[in-house]
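# An overview of the molecular structure
One letter stands for each residue in the lines below.
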Amino acid sequence: MNPIDPEKTNRIAITSLWISALSIILILLYIIFYVFQRGFPVIGIDFLLGWPSNNWLEGGILPAIVGTLLLGVVALLFAVPIGVGASIYLSEFTKEGKLTKLIRTGADSLNAVPSIVFGLFGLTLFLFYLNMKPCLLIAGLTLGFMILPTIMRTSEIAIRAVPVPDKEGSYALGATKLQTIRRIVLPSALPGIVTGVILGFGRAVGETAPIIWLISFWPANLPSSPLEPCNALTVVMYFLISEAQNPLFIQRAFGIALILLLMILISNYITRTLNNYLTRNIRR
Amino acid sequence: MVKGVSINSENVVRGALLLFAMTAVLILSLIFVFLLREGLPLFAKVSPIDFIFGTRWEPSKGVFGAFNFIAGSILVTAGGLIIAIPLGLSCAIFLSEVAPRWARNMVRPAIELLAGIPSIVYAAIAVAVLIPFVQYDLGNLIRGEVFRVGEGIFAVSLTLAIMVLPIIISVSLDSMESVPRAFKEGSFALGSTQWQTIRRITLPTALPGIVAGSILGMGRLVGETIVVILVYGNAKHITSTLFGAKSTGETLTAAILLEMSYVPVGSTWHSALFSLGIILLITVFILSLISNYLLSKSRVKL
């Protein structure tokens, strides 16, 4: 004899599961709604394409938008070739052993390193040891170090998902390993690799802590070479929130928040579409 | 396989790719070496015991006790997890066992989006909404007058919990979905209700993955900087209440970011900040090893 009716417990448990899941959705919807509500009135042509004045407190934020996009590009230029190369090595050129275990543990641990520690690393390596000045190149590279594990992992999953018969067919026709990788493996793995690239880009543009010492906050600047200082949306937003008591500055911060949110929404949409394409391809 | 002794292109590519594959290991080692090189000189002046357990942090007097920062990091992490684990776990159970298809299709992308939002955006919302709410509304509700500050452990835990939810949900969900159907069907065939099956079969089987997800989330929270700086209040004492002025505090990450710009390179203060980084790195490293071990033990496979 059960003192508690299992049917009743079941009903209570399932109901509370519904409630908690729905509350998470509500929180999320509220977050998105709030950012749109506060950010939308700020955004306009002047805000997006104008130059800032008075320490970013007035005017547009064009240099920060351009800076953020450039930082993402520099990070990808470093992390994509190396990450994809590493994943080709892990999946096509070697057997599982001590070395691959070391590489995987290294990548997993690098993935766990807090972003502020990447900031310390970039600061030490570039500013203290190499005597460089804060600029687009070093901030972008620091972000590149950070997203390398993400690119490695997603590309490896994509490359391992390439069907073995496809590769065997290529070898049977007399293709070498390099030809097979170039003509068969990489093209079929491309959507998966691009997914990882977008994920990495999203992570790079959203980070504040690792680049805070490597970015110039003011003056606003459009870098004409990688060795010139650049601005970033997140860092400008951080200063707007932390320095300013005026609600107008918070309002501007939400304008930037909305731009960041839209970037993430667009990249999520692209990854989703690519993933659907990928799964459809595998089924066929 | 017989190959000529001459250099062939495949071996060149193999070598180059091996180099690429070792890059992550190289960066990780350099991070360790640089942090130790910059941080260890501190211990010529301050003993490790004083550094870890000292509660006074007065750089001008050469006193570097990091205990309050360590306590701050532990408290915000614990606070975030206490809120996020029950909520995340129930959401994962819902998605894997209860939800109808349409609900699953709606929540999944929402969670992905939640995972992609930069922490600075969460911090902005906390500053604009949560902190005033705690200070005025909760203050009036709980104490009958407004709190002196809205920043503190309550607001920061809530913000961090929302940030870490996607990680806990997705890792728990993966491991619950990999529990074999036959286990659950056997339980149903014996007349169990859905909840009994979840509690006795699905959850115990998926436990290593769930724990791994929580530890992964723990690592993320220990390392979070921006939210903590903007919402925890940056006060150099140990948090002792849930609300009000005494609920504020400062974490390892916040101390590093806030003080690094003022510090002369090569000073003891400089070394002390890098030593905070060493503590942070070692903590996160251990958490990551445990989490990966548990994930490899659980049924979750890539």
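Residue positions are given per chain, counted from 1 along the sequence in the order it is written. Chains and ligands are labelled sequentially in the order written, the chains with letters from A and the ligands with numbers from 1. Reporting in this predicted model follows two pLDDT cut-offs: at least 70 for local features of residues, and 80 or more for side-chain atom pairs to be given and counted; totals over whole chains, interfaces and linings ignore these cut-offs and use all residues.

## Observations concerning the overall build of chain A
Applicable threshold: We count a stretch as a helix when DSSP gives it H or I for four or more residues in a row; a strand needs E for two or more, and each element gets its number in order from the N terminus. Burial is judged by counting other C-beta atoms within 10 Å of a residue's own C-beta: 20 or more means buried, 12 or fewer means exposed, and anything between counts as partly exposed, with every C-beta placed from the backbone. Think of it this way: build a C-beta for each residue from its backbone, and any pair within 7 Å is a contact.
Of the regular secondary structure elements, chain A holds 10 helices and 2 strands. Secondary structure elements of chain A occur, N-terminal to C-terminal, as α-α-β-β-α-α-α-α-α-α-α-α. Projected onto the principal axes, the alpha-carbon positions of chain A cover approximately 70 × 65 × 35 Å. Sorting the 284 residues of chain A into buried and exposed places 49% on the buried side. Restricting the contact set of chain A to residue pairs at least 6 apart, pairs at least 24 apart contribute 76%.

## What about the overall build of chain B?
The helix and strand tally for chain B stands at 11 helices and 2 strands. What you see in chain B, going N to C, is helices and strands ordered as α-α-β-β-α-α-α-α-α-α-α-α-α. Along the three orthogonal principal directions, the C-alpha set of chain B runs to about 80 × 70 × 30 Å. Taken across its 302 residues, chain B has 51% of its residues classed as buried. Restricting to contacts in chain B with at least 6 residues of sequence separation, those with at least 24 account for 74%.

## Quick notes on the interface of chain A and chain B
How we decide: Just so you know the grouping, Ala, Val, Leu, Ile, Met, Phe, Trp, Tyr, Cys and Pro go in nonpolar, Asp, Glu, Lys and Arg go in charged, and all remaining residues, Gly too, go in polar.
Between chain A and chain B, the residue contacts involve 71 residues of the former and 69 residues of the latter. Mapped by element, the contributors of at least two residues to the side of chain A that touches chain B are helix H1 (6-39), helix H3 (62-93), helix H4 (98-112), helix H5 (115-129), helix H6 (136-160), helix H8 (177-206), helix H9 (233-243) and helix H10 (247-283) of chain A. Broken down by element, the residue count for the side of chain A that touches chain B peaks at 17 residues, all from H1 of chain A. Here the residues of the side of chain A that touches chain B sort into 52 nonpolar, 15 polar and 4 charged.

## Quick look at unusual backbone geometry
Residue and element names in this part refer to chain A. Residue Pro 219 follows Trp 218 across a cis peptide bond; omega there is 10°. Tracing the backbone shows Pro 219 in the loop between H8 and H9. In this structure, Asn 54 takes a positive phi of about 50° despite not being glycine. Note that Asn 54 resides in the loop between strand E1 (52-53) and strand E2 (58-59). Here Asn 55, not a glycine, exhibits a phi torsion of approximately 55°, which is positive. Within the fold, Asn 55 resides in the loop between E1 and E2. For Asn 55, a count of 16 C-beta atoms within 10 Å translates into the label partly exposed.

## Points about the packing of H1 of chain A against helix H4 (residues 101-116) of chain B
Condition: Lines fitted to C-alpha atoms define the axes, with helix axes restricted to the stretch in contact, and inter-axis angles between N-to-C directions lie between 0 and 180 degrees. Note on terminology: angles under 35 degrees are roughly parallel, angles over 145 are roughly antiparallel, angles of 65 to 115 are roughly perpendicular, and the others are oblique. Put simply, a crossing is left-handed when the front helix is turned counterclockwise from the back one by less than a right angle, and right-handed when it is turned clockwise.
At a minimum axis separation of 10 Å, H1 of chain A and H4 of chain B run at an interaxial angle of 50°. Here H1 of chain A is positioned oblique relative to H4 of chain B, judged by the angle of their axes. Classified by chirality, the crossing of H4 of chain B by H1 of chain A is left-handed. Counted together, Ala 21, Ile 25 and Leu 28 of chain A of H1 of chain A and Val 107, Ala 110 and Leu 114 of chain B of H4 of chain B form the full contact between these two elements.

## Brief notes about the environment of Val 179 of chain B
Residue and element names in this part refer to chain B. Positionally, Val 179 belongs in the loop between helix H6 (153-177) and helix H7 (181-189). Judged by local crowding, Val 179 falls into the buried class, with 20 C-beta atoms found within 10 Å. As for Val 179 and Gly 249, which are separated by 70 residues in sequence, their C-alpha atoms are 42 Å apart. Other than its neighbours up to four places away in sequence, Val 179 contacts Lys 184, Thr 202, Thr 205 and Ala 206.

## Looking at the confidence of the model for chain B
Residues and elements named next belong to chain B. Definition in use: Per-residue confidence from the predictor is reported as pLDDT, a score between 0 and 100.
Residues with a pLDDT of 70 or more make up 96% of chain B, whose mean pLDDT is 89. Under a pLDDT of 50 for its full length, residues 1-5 has, in the predicted model, 1 contact with residues more than four places off or in other chains. Here the predicted complex carries an ipTM of 0.90, next to a pTM of 0.91.

## What to know about the packing of H3 of chain A against helix H1 (residues 9-39) of chain B
Between H3 of chain A and H1 of chain B, whose axes approach to 7 Å, the crossing angle comes to 115°. Accordingly, the angle class assigned to the pair H3 of chain A and H1 of chain B is roughly perpendicular. The handedness of the crossing between H3 of chain A and H1 of chain B comes out as left-handed. Across the interface between the two elements, Ile 82, Gly 85, Ala 86, Ile 88, Tyr 89, Leu 90 and Phe 93 of chain A of H3 of chain A pack against Arg 14, Leu 17, Leu 18, Phe 20, Ala 21 and Thr 23 of chain B of H1 of chain B.

## Quick notes on the environment of Phe 254 of chain A
Counting through the fold element by element, Phe 254 of chain A comes out in helix H10. When the 28 C-beta atoms within 10 Å are taken as the criterion, Phe 254 of chain A is described as buried. Once the C-alpha coordinates of Phe 254 of chain A and Tyr 171 of chain A are considered, the two residues, 83 residues apart in sequence, prove to be 55 Å apart. Those residues in contact with Phe 254 of chain A, other than ones at most four positions away along the chain, are Val 35, Arg 38, Gly 39 and Val 42 of chain A together with Ala 124 of chain B.

## Quick notes on the domain arrangement of chain A
All names here are of chain A. Where we set the bar: Domain start and stop points were drawn from an automatic or database domain assignment.
Domain annotation for chain A reports domain 1 (1-39) and domain 2 (45-283). Distance from the C-alpha centre of domain 1 to the C-alpha centre of domain 2: 34 Å. With 4 residues of domain 1 in contact, the opposing surface of domain 2 contributes 6 residues.

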